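# Observations on the three-dimensional arrangement
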Amino acid sequence: MELYNLTIHELNDLLKKKEVTVREIAESVFSRIDDVEDKVRAYACLSADKAFEQAKKADMLIRDNTDFSALNGIPVAIKDNMCTEGIQTTCASRILQDFRPPYTASVIEKLNSRGYLHTGMTNMDEFAMGSSTENSSYRVTKNPWDITRVPGGSSGGSAAAVAAGECIAALGSDTGGSIRQPAALCGVVGLKPTYGRVSRYGLVAFASSLDQIGPLTKDVTDCAIMLKAISGHDPADSTSAAISVPDYQAVLGRDIKGIKLGIPGEYFISGMDPSVDRSVREAIKVFERLGAVIEDISLPHTEYAVAAYYIIATAEASSNLARYDGVKYGYRTKDADNLLEMYMKTRDEGFGSEVKRRIMLGTYVLSAGYYDAYYRKAQQVRTLIKRDFDKAFEKVDAILTPTTPTPAFSIGEKTQDPLQMYLSDIFTISVNLAGIPAISIPCGFTEGELPVGLQILGKHFDEERILQAAYAYEQSTEWHKRRAKIRG
Ligand code: GLN
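Residues numbered from 1 in each chain as written. Predicted model: local features only at pLDDT ≥ 70, side-chain atom pairs only at ≥ 80, totals over all residues. Heavy atoms only, no water.

Okay, the overall build of the chain next. Along the chain, the regular secondary structure elements total 16 helices and 11 strands. In summary, the chain has a C-alpha radius of gyration of 21 Å against a globular reference of 23 Å for 488 residues, a match within 12%. Along the longest, intermediate and shortest principal axes, the C-alpha atoms of the chain span 65 × 55 × 45 Å. Restricting the contact set of the chain to residue pairs at least 6 apart, pairs at least 24 apart contribute 76%. Carbon and sulfur atoms make up 50% of the accessible area of the chain, which totals about 18,400 Å². (Helix = DSSP H or I, 4+ residues; strand = E, 2+ residues; numbered from the N terminus. Rg over C-alpha atoms; globule rule 2.2 N^0.38 Å. Contact = heavy atoms within 4.5 Å. Areas by Shrake-Rupley, 256 points an atom, 1.4 Å probe, with all protein chains shown as cover.)

Below, the discussion takes up the site of the ligand. Not every one of the 15 residues close to the ligand is listed here, only the nearest: Thr175, Gly176, Ser178, Tyr309 and Asp425. Separating an oxygen atom of the ligand from a backbone N or O atom of Thr175 is a distance of 2.7 Å. Protein coverage of the free-state accessible area of the ligand, which is 290 Å², stands at 100%. A class-by-class count of the residues in the shell around the ligand yields five nonpolar, seven polar and three charged. (Near = heavy atom within 4 Å. Polar contact = N/O pair within 3.5 Å; in protein donor to acceptor, adjacent residues only side chain to side chain. Nonpolar A, V, L, I, M, F, W, Y, C, P; charged D, E, K, R; others polar.)

Within strand β10 (residues 438-445), eight of the eight residues are buried, which leaves it mostly tucked inside the rest of the structure. Pairing between strand β5 (residues 189-192) and β10: three bridges, direction antiparallel. Within the sheet, the bridge partner assigned to Lys192 lies in β10 and is Ala438. The loop that links β10 with its antiparallel partner strand β11 (residues 451-458) comprises five residues; one of these, Glu449, has a positive phi angle of about 65°. (Buried < 20%, exposed > 50% of the residue type's maximum accessible area, 1.4 Å probe, protein only. Pairing = 2+ DSSP bridges.)

Relative to the helices and strands, Asp80 is located in the loop between β2 (75-79) and α4 (106-113). No salt bridge is formed by the buried Asp80. Its closest oppositely charged neighbour is Arg139, at 8.8 Å. What Asp80 contacts, discounting residues up to four positions off in sequence, is Ala44, Gln88, Thr89, Thr90, Cys91, Ala92, Met121, Thr122, Met124 and Tyr138. (Lys, Arg positive; Asp, Glu negative; His and termini not counted. Salt bridge = Lys/Arg side-chain N within 4 Å of Asp/Glu carboxyl O.)

With respect to the helices and strands, Asn65 occurs in the loop between α3 (48-63) and β2. Residue classification places Asn65 among the partly exposed positions, given a relative accessible area of 49%. Distance from Asn65 to Lys16, taken between C-alpha atoms, is 8.9 Å for residues 49 residues apart in sequence. Among the polar contacts listed, one links the side chain of Asn65 to the side chain of Lys18, at a separation of 2.7 Å.

This brings us to the packing of helix α10 (residues 305-320) against helix α12 (residues 353-366). Where α10 meets α12, the axes come as close as 7 Å, and the angle between the chain directions of the two elements is 100°. In terms of their interaxial angle, α10 and α12 are classed as roughly perpendicular. Facing Tyr310, Ile311, Thr314, Ala315 and Ser318 of α10, the residues of α12 in contact are Arg358, Ile359, Leu361, Gly362, Thr363, Val365 and Leu366. The class makeup of the residues in the contact of α10 with α12 is seven nonpolar, four polar and one charged. (Axes fitted to C-alpha atoms, helices over the stretch in contact; angles between N-to-C directions. Parallel < 35°, antiparallel > 145°, perpendicular 65-115°, else oblique.)

It is worth spelling out the state of the cysteines at this point. Scanning all chains against the criterion turns up zero disulfides. No disulfide involves Cys91; its nearest neighbouring cysteine sulfur is the one of Cys83, lying 7.7 Å away. According to the relative accessible area criterion, Cys91 is buried, its value standing at 1%. Lacking any disulfide linkage, Cys443 is separated from the closest cysteine sulfur, that of Cys186, by 15 Å. (Disulfide = S-S within 2.5 Å.)

Moving on to the environment of Ile95. Note that Ile95 resides in the loop between β2 and α4. On the accessibility criterion, Ile95 (2% relative accessible area) is buried. Put simply, Ile95 and Tyr343 are 248 residues apart on the chain and 12 Å apart in space, counted from C-alpha to C-alpha. Here Ile95 is in contact with Phe127, Tyr324, Gly330, Tyr331, Thr346, Arg347, Gly350 and Phe351, once residues within four sequence places are set aside.

Across its 16 residues, α3 extends 22 Å between first and last C-alpha, which sits within 8% of the 22 Å expected from 1.5 Å per residue. Looking one or two places after α3, you find Asn65, whose phi comes out positive at around 60°. (Expected span 1.5 Å × (residues − 1).)

This brings us to the sheet that holds β10. Reading across the sheet, the 11 strands line up as β1-β3-β2-β4-β6-β5-β10-β11-β9-β7-β8 and stay open at both edges, with mixed pairing between neighbours. The outermost strands of the open sheet, each flanked by one partner alone, are β1 (43-46) and β8 (293-297). Strand-to-strand twist in this sheet, taken as the mean axis angle between neighbours without regard to direction, amounts to 30°.

Turning our eyes to something else, we now look at the packing of aromatic side chains. As enumerated under the stated definition, the model contains 18 aromatic pairs in all. Centre to centre, the rings of Tyr309 and Tyr310 are 4.7 Å apart; their planes meet at 80°, and the pair counts as edge-to-face. For the pair Tyr309 and Tyr310, a shared accessibility class is recorded, and that class is buried. Considering the side-chain rings of Tyr370 and Tyr374, the 6.2 Å spacing of their centres and the 35° angle between planes classify their relative orientation as tilted. Relative accessible area serves as the criterion here: at 36%, Tyr370 is assigned to the partly exposed category. (Phe/Tyr/Trp six-rings, centres within 6.5 Å; stacked < 30°, edge-to-face > 60°.)

What tends to happen in soluble globular proteins is that the nonpolar side chains get buried as a cluster. Ranked by internal contacts, the top residues of the largest apolar core, which has 154 residues, are Phe127, Phe287, Phe389, Ile439, Ile456 and Leu467. Ranked by residues supplied to this core, first place goes to α10 with 10 residues. What Phe389 contacts, discounting residues up to four positions off in sequence, is Tyr267, Leu299, Ile399, Ser430, Ala434, Ile436 and Leu457. Of all hydrophobic cores here, the second largest spans six residues; its members include Ala184, Leu185, Ala408 and Met421. (Core = buried A, V, L, I, M, F, W, Y, C linked by side-chain atoms within 4.5 Å.)

Turning our attention to the pattern of salt bridges. Going through the model one piece at a time under the given rule, you end up with 17 salt bridges. Put simply, Glu354 and Arg358 hold a salt bridge, and the shortest N to O gap is 2.7 Å. You can see Glu354 and its partner Arg358 sitting in helix α12, four residues apart, about one turn around the helix. A relative accessible area of 9% means that Glu354 is categorised as buried. A relative accessible area of 2% means that Arg358 is categorised as buried. Among the ionic pairs, Asp397 bridges to Arg465, the shortest N-O distance being 3.9 Å. In this pair, Asp397 is assigned in the loop between α13 (372-395) and β9 (398-402) and Arg465 in helix α16 (residues 463-475), connecting sequence segments 68 residues apart. Judged by its relative accessible area of 18%, Asp397 falls in the buried class.

What follows is the structure, encoded as structure tokens:
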């Protein structure tokens, strides 16, 4: 098997035995990029020189027997909204074109101290607003399983890069589903950590009460390795929690006999794709065979989640995006006669239409006279959604749902209908509103060979439990071993 097709832990085993060098791993991944990137278009920009430079150091540490830790020498792709000093970070937006941050995100510092190789920045929906990567100002990323379809979004570039073997693992960000939904659509593993588990210092803010950074990987073991590497309190981010980080790999392999798993009726809706419904129900049976106790539960406020999210997220975005005014950094219009015109033209020319729609919505729901009717109401609904989960977790240890209502849809299918696009996050959004962790893992394929994702939701700071359950399922199935053929 080609090196680019392997996982972090498989490559680490080979490095420990000195059967491969980091340079060979990097060569394998970059020659794979040469072969398929034209079709997949996962990257916003590549960093081969930096990666080979980092590879030299990683190889030296291995030669001297000083660093065999899991991420030393592993090629990782980074979503284009995490800052690395000197490396172009644009959020796939014209308004940040050519922006080179003067500082590095804490998650990247952490990966750096563990010896990762930076393959490049991955494509995304502009400012992480979208579910298909079609809102990128660069280009549309394609789904490696069928290049006529979307990879999901907004971390579509990261998910596609992992699925296509154009990196070994990747980082994404998730505000309403942007790690889990593309992971499901591309047949990889994606985890949104608990709010506060991972530092957001250096992540370009979209909706600050919802955003989290998390890993996209080929299997659950790699997910545990990446999560451990990026988690923990950071004095530079006051929303990161001062709670110790467990060794996530240590729980993998513990059996799940007697573990209680809740199935919420509200997540099995009419209109759901039959093959998604079938795959998820079969997955539930696998858990039952493994000794889990399956219980029906109810999350009654689920139907209000999308509406509440599009008020809260847009309100926060309208405030966060006010900083892009063309003054200190990023794009500035070429012709303006006065300051006000400069602001207006810069923002008009710099932002794409979905971002403008969100800024307008967010400004509206926060404006005097509408604040109570929309923003305050949405916050109240958010509390009810969180209480639904609190109540459910009194009865069960984790919750199983589909990650998305349908498999990957066709490019262009939903671009004219924002509401249809918003509804593709119907099963992922509540998790962000409640701040709990959730993972998406592959659980089957449609007749058309498109991947289906299973979502496992856990209690606050109980990533261990969802990883344990995900691993048990993964070990008794073969889905995670399939690799995309890049067809279409
Ligand atoms: N698709 C959702 C949105 O457009 C979620 C995006 C995200 O998680 N960043 O807002």
